[in-house]
Amino acid sequence: MRMSSKEQEIVQSIQELSDQAGTHSPSISTITEKIPELNIEVDACFLSNPYATDLFSRQMQEDLIQSGRLREVLEFYPSQNQVVAENLSHFLEVPKEKIFIGNGATEIIQAVIHNFTRRKIVINIPTFSPYYEFVPEGVEVVYNQLYHGEGFQFNLERYIELIERENPDTLVLINPNNPSGCYIELADIEYLVNRLHWVDNIIIDESFIHFAFEGQSTDLVSATYLTEKFENLVLMKSMSKDFGIAGIRAGYAVMDENKVNDLLENGYLWNLSGLAEYFFRLYSNPEFQKRYEKVRVRYLNETQQFFAELGKLSGLKAYPSKANFVLVELTNGMKADDFTAGMLVKHGVYTRDCRDKIGLEGEFVRIASRSWEENKRIVNAAKDVLRTGNTGFGLGRN
Ligand SMILES: *Cc1c(COP(=O)(O)O)cnc(C)c1O
């Protein structure tokens, strides 16, 4: 598989966009705007449930557009943070005083770390980059390396030892983790929180929890209930991935009410848009939940089948994942940037080269699960790219 000079040019333009985007991949709209000749047909970089986006978008057409209510959503101020929190509190079965609504979970990560982390934070790596990027000056960062040789699995006892030795005031656990997809069982989380009750802030980020499961059941799992007993817990959740609505910016956190008050005294009065408010109302509606549950379980099952198919390809190792993406390692000598370039330019499939992830050395690519049809295309594209091997035109080495 040699690339034509046209294809090489495209690859170079993508590289420039990636460099500008820093630790996050350039979005599809940025890429297609800047490189119109590139045809992205499957976005396996962004991590969302496409069936949930369909469901939400149909419902929104009906409720806001066909009814003409959209005008009100645009014209008037949305509700304040605590009004939306109250609405959500019935559904989450958590007192409204403990809920903080964010303009996406990223805003909450920033708010929590800037306001409550004073001395030292422990972050597992590889990880979602804002957790270390937002750490203010003067706060020490301790990285807990998840080991390649252990499949990036979280080691509970070793972690507790590290925390006791380092004495940090903040911990971050993403469950399932991004980008590895590794999952920590709820019983282990409960054990850990009991052992580490003396740490000021334990952040548990459940942005991918709707794709996780324990045993044979596909029932939703969540550590939210632990916030009742443990005041140091900050249970965080983005709605972008499981509902496929990154564009409207919606996330929430459950934490001690003193923390919520501290944040609200610092601002965040109308940090939600009218569309995000509309989403949270829908989310709390039992009828909508029933319909969402169907697309969630369908996607979860298809996703696990997709991972199994990818795992069968020779030349790559797929790490077990309970998120909606899978971390794959190229084991045939191929470079990750060559793989992602081949996938994109030859097959129109956009995947995430993980070269920039700290704590992840080697040839790793993160591939998101999409619709059933798209997943088939991803598997076929990967099969083809793996067969042809290195082209020497990888994104980072032009
Ligand atoms: C994507 C992501 C977020 C942030 O999502 P928002 O779109 O800001 O709600 C938070 N945590 C993790 C682990 C993520 O992957």
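First things first, this report covers the structure right here in the doc. What you see is a predicted model, and the numbers here were worked out from it, not measured in a lab.

A few words now on the site of the ligand. What surrounds the ligand is a group of 15 residues, the closest being Thr106, Asp205, Ser238, Ser240 and Lys241. At 2.5 Å from an oxygen atom of the ligand is found a side-chain nitrogen or oxygen belonging to Thr106. In this structure, an oxygen atom belonging to the ligand sits 2.7 Å away from a side-chain N or O atom of Arg249. Bound to the protein, the ligand loses 95% of the 390 Å² it would expose on its own. The biggest single contributor to the shell around the ligand is helix 6 (residues 105-116), with three residues.

Attention now goes to helix 1 (residues 5-21). Here helix 1 is 17 residues long and its end C-alpha atoms lie 25 Å apart, about the 24 Å a rise of 1.5 Å per residue gives. If you follow the buried residues of helix 1, they end up packed against helix 2 (28-34) and helix 13 (336-347). Of the residues flanking the end of helix 1, it is Gly22, one or two places downstream, whose phi is positive at about 65 degrees.

Across the junction of Ile125 and Pro126, the peptide omega takes the value 5 degrees, indicating a cis bond. Here Pro126 is to be found in the loop between strand 3 (120-125) and helix 7 (130-133). Of note, the bond from Asn178 into Pro179 is cis; its omega dihedral lies within 30 degrees of zero at 15 degrees. Structurally, Pro179 is set in the loop between strand 5 (170-174) and helix 9 (186-195).

Now for the environment of Thr170. Mapping Thr170 onto the fold places it in strand 5. On a C-alpha basis, the gap between Thr170 and Phe116 in space is 8.2 Å, while along the polypeptide they are 54 residues apart. Once residues lying within four places of it in the same chain are set aside, the contact partners of Thr170 are Phe116, Thr117, Lys120, Ile121, Val122, Val199, Asn201 and Ile203. Among the polar contacts made by the side chain of Thr170, one reaches the side chain of Asp169 at a distance of 3.2 Å.

What follows deals with the sheet that holds strand 7 (residues 233-238). Strands sit in the order 2-8-7-6-5-3-4 across an open sheet of seven strands; the sheet is mixed. Looking at which strands have only one partner, the edges of the open sheet turn out to be strand 2 (99-102) and strand 4 (140-145). On average, each strand axis in the sheet is inclined to that of its neighbour by 20 degrees, with strand direction left out of account. For strand 3 and strand 4, the ladder comprises six bridges, and the chain directions are parallel. In the strand pairing of strand 4, Ile125 is matched with Gln145.

Rules and cut-offs
Residues numbered from 1 in each chain as written. Predicted model: local features only at pLDDT ≥ 70, side-chain atom pairs only at ≥ 80, totals over all residues. Heavy atoms only, no water. Near = heavy atom within 4 Å. Polar contact = N/O pair within 3.5 Å; in protein donor to acceptor, adjacent residues only side chain to side chain. Areas by Shrake-Rupley, 256 points an atom, 1.4 Å probe, with all protein chains shown as cover. Helix = DSSP H or I, 4+ residues; strand = E, 2+ residues; numbered from the N terminus. Expected span 1.5 Å × (residues − 1). Contact = heavy atoms within 4.5 Å. Pairing = 2+ DSSP bridges. Axes fitted to C-alpha atoms, helices over the stretch in contact; angles between N-to-C directions.

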